[in-house]
Amino acid sequence: MRIQLLATCLVDHLFPRVGLAAAAVLERCGVQVTVPPGQTCCGQPALNAGFTEEARRMARHTIDVLTADDAPVVVPSGSCADMIVHHAPGLLAGDAAYASRARAVAARTHELSQFLVDSARRPDCGACLAGSAVYHPSCHGLRALGVDRQPRELLAHVRGLELRPLHDAETCCGFGGLFAVKMSDVSGAMLERKLGAIEASGADTVIATDMSCLMHIAGGLRRRGSRVAVRHLADVLAGAGPPTEPA
Amino acid sequence: MIEPQPVSFHRGAARSLATPDLPAKIERATTRLVAARHAAFAAFPEGDALRDEARAIRARVVGHLDQHLIRFETELQKRGGHLHWAAAAGDAVRIVGEIARARGVRRVVKGKSMVSEEVELNAALEAAGIHVVETDLGEYVAQLAGEPPSHIVGPIIHKSREDVAAVFREKLGAGDEDVADAARMTALARRTLRAEFLAADMGISGANFGIAETGSICLVTNEGNGRLTTTLPRVHVALLGIERLVATMADLGVMLRLLARSATGQKLSVYSNVLSGPRRRDPAGSEAASEPDGPDELHVVLVDNGRTELLGTELAEILYCIRCGACLNTCPVFQSVGGHAYGSVYSGPVGAVLTPALRGLDAYPDLPHASSLCGACREICPVRIDIPRMLLALRARGARRPDTPAWIRQGLRMYAWLAVRPRLFAAAARAARIATRIRARDGWLRSLPGPLAGWTAHRDFPAFAPRSFQRLWRDRGPAAPR
């Protein structure tokens, strides 16, 4: 089996370890990984800010990048996968040149944990992590793609890992893209609640499927001087180090 | 009604966050309501299918609103009720004022009505010298405190018991004994309100639904004040948004099973009243053969106030709303700042769509941004309204407005321009890497410049990585064959 890995702009430029980890896990599961060249940003930041035309241009570019090859697309982010699966076909519905291609790409795009569990049927990636963790379900993956069972199943197979319950786990961390900048104080209040719940769990690691949420949570934990570590699910499954360390 | 000054959610939220204990009180109350809602649906296996049915019911009404309104009018009049059409807020206020004046009304008791808040009815009646008292306990406390309701179902969700006690001491002269516990405080309010009910000339209420096939209105309450308001005074006036209809009694049954569960976790509200016309009197004049109670006159004021403008648009779906308040309760933004921050009668996710949809983005430019788009509202809505979709639609309208900050407009245009030019995108990332790594400590920045400082007000920001993933991947070469 062969897939195309869409790293996402955030992983590409801020957290490259997560991209390498995702590729490593997939390869360990017997999946051949290609990284289609020319990938930049799926356009979700523009869409969320109301810049529909800009979002459309970026979505077209992403569709172009992903249609040079017809292999399934795997994305280590529920939010970006949601953009490709749900929003891009809507944005490009009236575009004769792109509408059907957008739908076709959407149909073969998967968030990483979805792909591992539902397509590759490899809930056990052979990973180890000694310690305790909480899982934060990222909003778009959880509510738009139904990603929840898959990461939990993958984490249940990680040897040595004690997964603890997280209070109000399904409550947003307050990231929301530009929301965290424009409505900084409201976002900050939401973040405080999330950080409080994470710390109250006593776990030493917080795991999620999206680096956007984790960047927000990690930035908040650092500001607090917290010792809780932040890991992308791919990192945990690959047994790699924290995503913010230089590769 | 055009607001003279744009209302800023940003400022309203800052006020809420700076008010001691307020966010904690709101979070406590809303999370309790959400837990009750989830428990109610967990014990209601047919709930999910019923939500689909309820959505279809509301879609049919909103899709053919004209036909349902005419049916409602005809049936209401058949049963002796009077129907008034109010195109705008001012018309609604004028109509109610004229009804009151023509009948020499001096004292009004009111049941809960968000539409009356929307059209600012109380202030107008009071200006005309009419004594108006809210009789929903929460609304009564809010009125005593001189505050607007902060939640469409729980008007004083932002107040603790101690806060209410303070209001009763100050405004009702309550002593320690009167406010010793919730039961005694309720008893005090009940005594005070009972006298108001008995002295009132007119009752004003809202309505949860109008039923087109019978011209009836349905009111649900938990305190029984709705019954007294609508049956005791000689005149009853009900205000209703034009979209709040269901076609049939059977449809009403579907809505009621979802409404209370979504709002408070109850299977049904304590009182579900269906009112069909005023008190019917025996044509021969016999008191014994007449209905024993009910008002002499029933007036229904159907308020448009911007709603028809939404029909057939991408925002029409917001008119499916049945005002259960579940989206407010579950919204992490609402939980953090409460209803007053929204500067409008309708707050929370539904308000962030409905208020700018009805009143315009000129008046409420930043409300569509009062959301992280987490989707919790869509998930909990009993009629599955896609609120995030409409927030995006409103943001798209707002993006073209001059009050969108230049850094966002130019920044996103530049970002999109780069994103379709991969080499330039990578070059820009390299520049950002240099700029961020110079100032970073342990790979993180404590402050960002200009408008991006909003981020670093509450969290550190990561420096760009020394090498991008795509670069590392190219350097790695093809995977070793296994």
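Residues numbered from 1 in each chain as written. Chains lettered and ligands numbered in written order. Predicted model: local features only at pLDDT ≥ 70, side-chain atom pairs only at ≥ 80, totals over all residues.

A. View of the overall build of chain A. A tally of regular secondary structure across chain A gives 13 helices and eight strands. Relative to the 2.2 N^0.38 estimate, which gives 18 Å for 247 residues, the radius of gyration of chain A is 17 Å and therefore close to what a compact globule would have. Referenced to the eigenvectors of the C-alpha coordinate spread, the extents of chain A come out at roughly 55 × 45 × 30 Å. Counting the 247 residues in chain A, one finds 64% classified as buried. (Helix = DSSP H or I, 4+ residues; strand = E, 2+ residues; numbered from the N terminus. Rg over C-alpha atoms; globule rule 2.2 N^0.38 Å. Buried ≥ 20, exposed ≤ 12 C-beta atoms within 10 Å, placed from the backbone.)

B. Expanded view of the overall build of chain B. For chain B, the count of helices and strands is 21 helices and 12 strands. Seen through its principal axes, chain B has C-alpha atoms that stretch 100 × 55 × 50 Å.

C. A look at the domain arrangement of chain A. All names here are of chain A. When the domains of chain A are assigned, the result is domain 1 (2-118) and domain 2 (125-238). Each of domain 1 and domain 2 was reduced to a C-alpha centroid, and the two centroids are 22 Å apart. Between domain 1 and domain 2, the residue contacts involve 30 residues of the former and 25 residues of the latter. Elements that contribute at least two residues to the side of domain 1 that touches domain 2 include exactly helix 1 (9-13), helix 2 (16-28), helix 3 (44-49), helix 5 (78-91) and helix 7 (112-119). No other element matches helix 2, which puts seven residues into the side of domain 1 that touches domain 2. Residues of the side of domain 1 that touches domain 2, tallied by class, amount to 18 nonpolar, seven polar and five charged. (Domains from an automatic or database assignment. Contact = placed C-beta atoms within 7 Å. Nonpolar A, V, L, I, M, F, W, Y, C, P; charged D, E, K, R; others polar.)

D. Main features of helix 10 (residues 182-199) of chain B. Residue and element names in this part refer to chain B. A rise of 1.5 Å per residue sets the reference length of helix 10, with its 18 residues, at 26 Å; its end C-alpha atoms lie 26 Å apart and thus fit the reference within 8%. Restricting attention to buried positions, one finds in helix 10 the residues Met185, Ala189, Leu193 and Glu196. Down the axis of helix 10, the buried side of the element spans an arc of 50°, and every buried residue falls inside it. Opposite the buried face of helix 10, at more than 90 degrees from it, the exposed residues are Ala183, Ala187, Arg191, Arg194, Ala195 and Leu198. In this structure, the buried side of helix 10 is in contact with strand 2 (107-110), strand 3 (131-134), helix 8 (137-145) and helix 9 (161-172). (Expected span 1.5 Å × (residues − 1). Arc of directions from axis to C-beta.)

E. The packing of helix 4 (residues 52-67) of chain A against helix 6 (residues 99-107) of chain A, seen in detail. Residue and element names in this part refer to chain A. Relative orientation of the contacting elements helix 4 and helix 6 amounts to 65°, with a least axis distance of 10 Å. In this structure, the crossing between helix 4 and helix 6 has a hand that is left-handed. From helix 4, Ile63, Leu66 and Thr67 reach across to helix 6, where they touch Arg101, Ala102 and Val105. Here the contact of helix 4 with helix 6 is built from residues that sort into four nonpolar, one polar and one charged. (Axes fitted to C-alpha atoms, helices over the stretch in contact; angles between N-to-C directions. Left-handed = near helix turned anticlockwise from the far one by under 90°.)

F. Seen up close, helix 21 (residues 469-476) of chain B. Among the residues of helix 21 of chain B, Phe469, Gln470 and Trp473 of chain B are the ones counted as buried. The buried residues of helix 21 of chain B all sit within an arc of 95° when viewed along its axis, so they share a single face. Opposite the buried face of helix 21 of chain B, by more than 90 degrees, sit the exposed residues Arg474 and Asp475 of chain B. Structurally, helix 21 of chain B contributes buried residues whose contacts are with helix 1 and helix 2 of chain A.

G. Focus on the packing of helix 5 of chain A against helix 6 of chain A. All names here are of chain A. Here helix 5 crosses helix 6 at 165°, and the two axes come no closer than 8 Å. Between helix 5 and helix 6, the angle is such that the two are roughly antiparallel. In terms of crossing hand, the pair formed by helix 5 and helix 6 is left-handed. Taken together, the residues of helix 6 that come into contact with helix 5 (itself represented by Ile84, Val85, Ala88 and Pro89) are Ala102, Arg103, Val105 and Ala106. Of the residues that constitute the contact of helix 5 with helix 6, the class distribution is seven nonpolar, no polar and one charged. (Parallel < 35°, antiparallel > 145°, perpendicular 65-115°, else oblique.)

H. Region of interest: the interface of chain B and chain A. If you look at the interface, chain B gives 53 residues, while chain A gives 58 residues. In terms of residue count, helix 18 (residues 406-419) of chain B provides more of the side of chain B that touches chain A than any other element does, six residues in total. Partitioning the side of chain B that touches chain A into residue classes produces 36 nonpolar, 11 polar and six charged.

I. Unusual backbone geometry, seen in detail. With a phi close to 50°, Asp168 of chain A is a non-glycine residue in the positive phi region. Taking the number of C-beta atoms within 10 Å as the measure of exposure, Asp168 of chain A has 15 and is therefore partly exposed. Here Arg384 of chain B, not a glycine, exhibits a phi torsion of approximately 55°, which is positive. Its location among the elements puts Arg384 of chain B in the loop between helix 16 (376-380) and helix 17 (387-399).

J. Representation of the sheet that holds strand 6 (residues 216-221) of chain B in the model. All names here are of chain B. Ordered by their spatial adjacency, four strands build an open sheet running 8-5-6-9, and the pairing between neighbours is mixed. Sheet topology places strand 8 (245-246) and strand 9 (271-275) at the edges, where each strand pairs with a single neighbour. Sheet analysis places strand 5 (residues 209-211) next to strand 6, joined by three bridges and oriented antiparallel. Looking across to strand 6, one finds that Phe209 is bridged to Cys218. (Pairing = 2+ DSSP bridges.)

K. Fine view of the sheet that holds strand 1 (residues 2-5) of chain A. Residue and element names in this part refer to chain A. With respect to topology, four strands assemble into an open sheet ordered 2-1-3-4, the strand pairing being parallel. Each edge of the open sheet is held by one strand with a lone partner, namely strand 2 (32-34) and strand 4 (109-111). Between one strand axis and the next, the sheet turns by 35° as a mean value, whatever way the strands run. Where strand 1 and strand 2 come together, three bridges link them in parallel fashion. Paired with Gln4 across the two strands is Thr34, which belongs to strand 2. Lying over the sheet, helix 2 contacts strand 1, strand 2 and strand 3 (73-75), oriented at roughly 175° with respect to strand 1. Across the face of the sheet, helix 5 comes into contact with strand 3 and strand 4 while running at roughly 160° to strand 4.

L. Structural view of the nonpolar core. If you look at the biggest cluster of nonpolar residues, it comprises 208 residues, and the most contacted ones within it are Ile318 and Val353 of chain B. If you tally residues by element for this core, the top one is helix 2 of chain A, at eight residues. When near neighbours in sequence (up to four residues on either side) are disregarded, Ile318 of chain B contacts Leu310, Val350, Val353, Leu354, Ala357, Ile385 and Met390 of chain B. Counting 20 residues, the second-largest nonpolar core is a separate cluster that includes Leu22, Tyr140, Ala174 and Val179 of chain B. (Core = buried A, V, L, I, M, F, W, Y, C linked by C-beta atoms within 7 Å.)

M. Region of the structure containing the environment of Asp304 of chain B. Residue and element names in this part refer to chain B. In this fold, Asp304 is placed in the loop between strand 10 (297-303) and helix 13 (326-330). Along the chain, Asp304 and Ala24 lie 280 residues apart, while their C-alpha atoms are 36 Å from each other. Apart from residues no more than four positions distant in its own chain, Asp304 is found in contact with Ala86, Ala87 and Ile242.

N. Looking closely at the environment of Ala124 of chain B. Residue and element names in this part refer to chain B. Structurally, Ala124 is set in helix 7 (residues 121-127). Since 19 C-beta atoms lie within 10 Å of it, Ala124 is described here as partly exposed. Counting along the chain gives 27 residues from Ala124 to Gly97, while the straight-line C-alpha distance between them is 7.9 Å. Leaving out residues up to four positions away in the same chain, Ala124 has contacts with Val93 and Gly97.

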